[in-house]
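Here is how the chains run, residue by residue.
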Amino acid sequence: MRIGKKVLFFVLLASVFAVDAPAQKAFRKIRQALKSAQYDEAIKQVDQCAQDSTLNSIPKLYNYAVDAYRGISDVENEKIYLKQAYDTARFFNSVKSMFDYALKCDEKEIEKGRFRFRNRNRELLLSHYPNLRIAGRYYYRKRDYTTALPYLEMYVKAASSPLLAGTDWARLDPWMPYIGYLSLKSCYRVKRYDDVLRYAELALQDSLHRGSTLYYMAL
């Protein structure tokens, strides 16, 4: 009986390594790209692996992308600090993409019931949360509503995600109603009329723009 249990244990162990070996081989290229600060290459490798059904359920895959976009963000942020020429769009996109992949990573961790990356990604996103608002308002002021919307919508979406839900930021953020209003107005401008109503409840909490909110709802 004991021998049978040992055989079963080794069979299960072998199956784990059989599944893990291809992942480790595929992820090696990603790790090498990250180590050499080739962040775009790392992201390219992540996206390729995400097309593989044997790899795309692994949380670590999406966490690699978080690290890659954090690297891009740090590079552009350093340029800003040193008052050097920097790529505004690349910086903002890196922030939005960090949120995209961190939420995806957390989604996969929820499916597996194990949370290796949640705490560190929560802290990372909270530190970059204001940049979503800054990006959304930047494009909104340029009347580029199509580009502004993903940032504004992520600002709202992330707050209610399992990753950030319950944090002080999600519960107490005074900017949220205003971002809801900007989202509502931007949706109207790009003719996403159903989404105008989706943001109405949040936007109506912004007393300063309540009249404008009702106006766009009526339209």
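Scope of this entry: the structure provided in the associated data block. (Residues numbered from 1 in each chain as written. Predicted model: local features only at pLDDT ≥ 70, side-chain atom pairs only at ≥ 80, totals over all residues. Heavy atoms only, no water.)

## Focus: helix α4 (residues 88–112)
Each turn of an α-helix holds 3.6 residues, which means side chains three or four residues apart point in the same direction. End to end, α4 covers 37 Å across 25 residues, agreeing with the expected 36 Å (1.5 Å per residue, within 8%). The backbone nitrogen of A89 lies 3.2 Å from a side-chain oxygen of the residue at the head of α4, namely D87. Within two residues after α4, G113 carries a phi angle of roughly 75°, on the positive side. (Helix = DSSP H or I, 4+ residues; strand = E, 2+ residues; numbered from the N terminus. Expected span 1.5 Å × (residues − 1). Polar contact = N/O pair within 3.5 Å; in protein donor to acceptor, adjacent residues only side chain to side chain.)

## Some points on the environment of P130
Within the secondary structure, P130 sits in helix α5 (residues 118–141). Separated by 35 residues in the primary sequence, P130 and V95 place their C-alpha atoms 9.9 Å from one another.

## A closer look at the pattern of salt bridges
Enumeration according to the criterion identifies 13 salt bridges in this entry. Note that R90 and E76 form a salt bridge whose closest N and O atoms lie 3.9 Å from each other. Of this pair, R90 sits in helix α4 while E76 sits in helix α3 (residues 59–81), and the two are 14 residues apart along the sequence. The residue R118 makes a salt bridge to D106 at a minimum N-O spacing of 2.8 Å. Remark: D106 occurs in helix α4 and R118 occurs in helix α5; sequence separation between them is 12 residues. Pair check on accessibility: R118 and D106 agree, each one buried. Taken together, the salt bridges that share partners define one network made up of D40, E76, K79 and R90. (Salt bridge = Lys/Arg side-chain N within 4 Å of Asp/Glu carboxyl O. Buried < 20%, exposed > 50% of the residue type's maximum accessible area, 1.4 Å probe, protein only.)

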